[in-house]
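Okay, here's what each chain looks like letter by letter:
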Amino acid sequence: MSMKIIQSECTSCGDCLPVCPTDSISEKGGIYKINPDTCTECEDEDAPQCLSVCPAGEACIVYL
């Protein structure tokens, strides 16, 4: 499984980018996306790191 960023809820703050341990988050033109092929939902952590730092929380970053 992987995480997904809901673009309409994303504020483009960029907080998620540096905390992703698998470098699955990319940004282009202020739009952030999660690569589902490399996202592991931070299986070695207590929770997905992107979700833990996102100001919009579960409204922005969801489980696929």
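Not measured: the values here are computed from a predicted model.

Scoring rules and cut-offs
Residues numbered from 1 in each chain as written. Predicted model: local features only at pLDDT ≥ 70, side-chain atom pairs only at ≥ 80, totals over all residues. Heavy atoms only, no water. Core = buried A, V, L, I, M, F, W, Y, C linked by side-chain atoms within 4.5 Å. Buried < 20%, exposed > 50% of the residue type's maximum accessible area, 1.4 Å probe, protein only. Helix = DSSP H or I, 4+ residues; strand = E, 2+ residues; numbered from the N terminus. Contact = heavy atoms within 4.5 Å. Patch = residues over 30% accessible without salt bridge, like charges linked within 9 Å, V, L, I, M, F, W, Y side chains within 5 Å. Areas by Shrake-Rupley, 256 points an atom, 1.4 Å probe, with all protein chains shown as cover. Salt bridge = Lys/Arg side-chain N within 4 Å of Asp/Glu carboxyl O. Lys, Arg positive; Asp, Glu negative; His and termini not counted. Charge placed at Lys NZ, Arg CZ, Asp CG, Glu CD. Pairing = 2+ DSSP bridges. Polar contact = N/O pair within 3.5 Å; in protein donor to acceptor, adjacent residues only side chain to side chain.

Draft legend 1. Expanded view of the nonpolar core. Core analysis: the largest hydrophobic core is formed by 13 residues, its most contacted members being Met3, Ile5, Cys16, Ile25, Ile34, Cys50 and Ile61. When contributions to this core are tallied by element, the ones reaching two or more residues are strand E1 (3-5), strand E3 (31-34) and helix H1 (49-53). Residue contacts for Ile61: discarding those within four places in its chain leaves Met3, Lys4, Ile5, Ile34, Cys50, Leu51 and Cys54.

Draft legend 2. Structural view of a negative patch on the surface. A cluster of like negative charges, contributed by Glu43, Asp44, Glu45 and Asp46, occupies part of the molecular surface. Relative to the helices and strands, Asp44 is located in the loop between E3 and H1.

Draft legend 3. The arrangement of the pairing of strand E2 (residues 25-28) in detail. Across four bridges, the pairing between E2 and E3 is antiparallel. From the neighbouring strand, Ser26 faces E3, where its bridge partner is Lys33. The loop that links E2 with its antiparallel partner E3 comprises two residues; one of these, Gly29, has a positive phi angle of about 60 degrees.

Draft legend 4. Unusual backbone geometry, seen in detail. One non-glycine residue, Ser12, adopts positive backbone phi at about 60 degrees. With respect to the helices, strands and loops of the structure, Ser12 is situated in the loop between E1 and E2. The exposure class assigned to Ser12 is partly exposed, which follows from its relative accessible area of 35%.

Draft legend 5. Highlighting the side chain of Ser24. With respect to the helices and strands, the residue Ser24 is situated in the loop between E1 and E2. Here Ser24 falls in the buried class, since its relative accessible area comes to 3%. A polar contact of 3.2 Å, which involves the side chain of Ser24, links it to the backbone nitrogen of Cys39. Non-local contacts of Ser24, meaning those with residues more than four positions away in its chain, are made with Lys33, Ile34, Asn35, Thr38 and Cys39.

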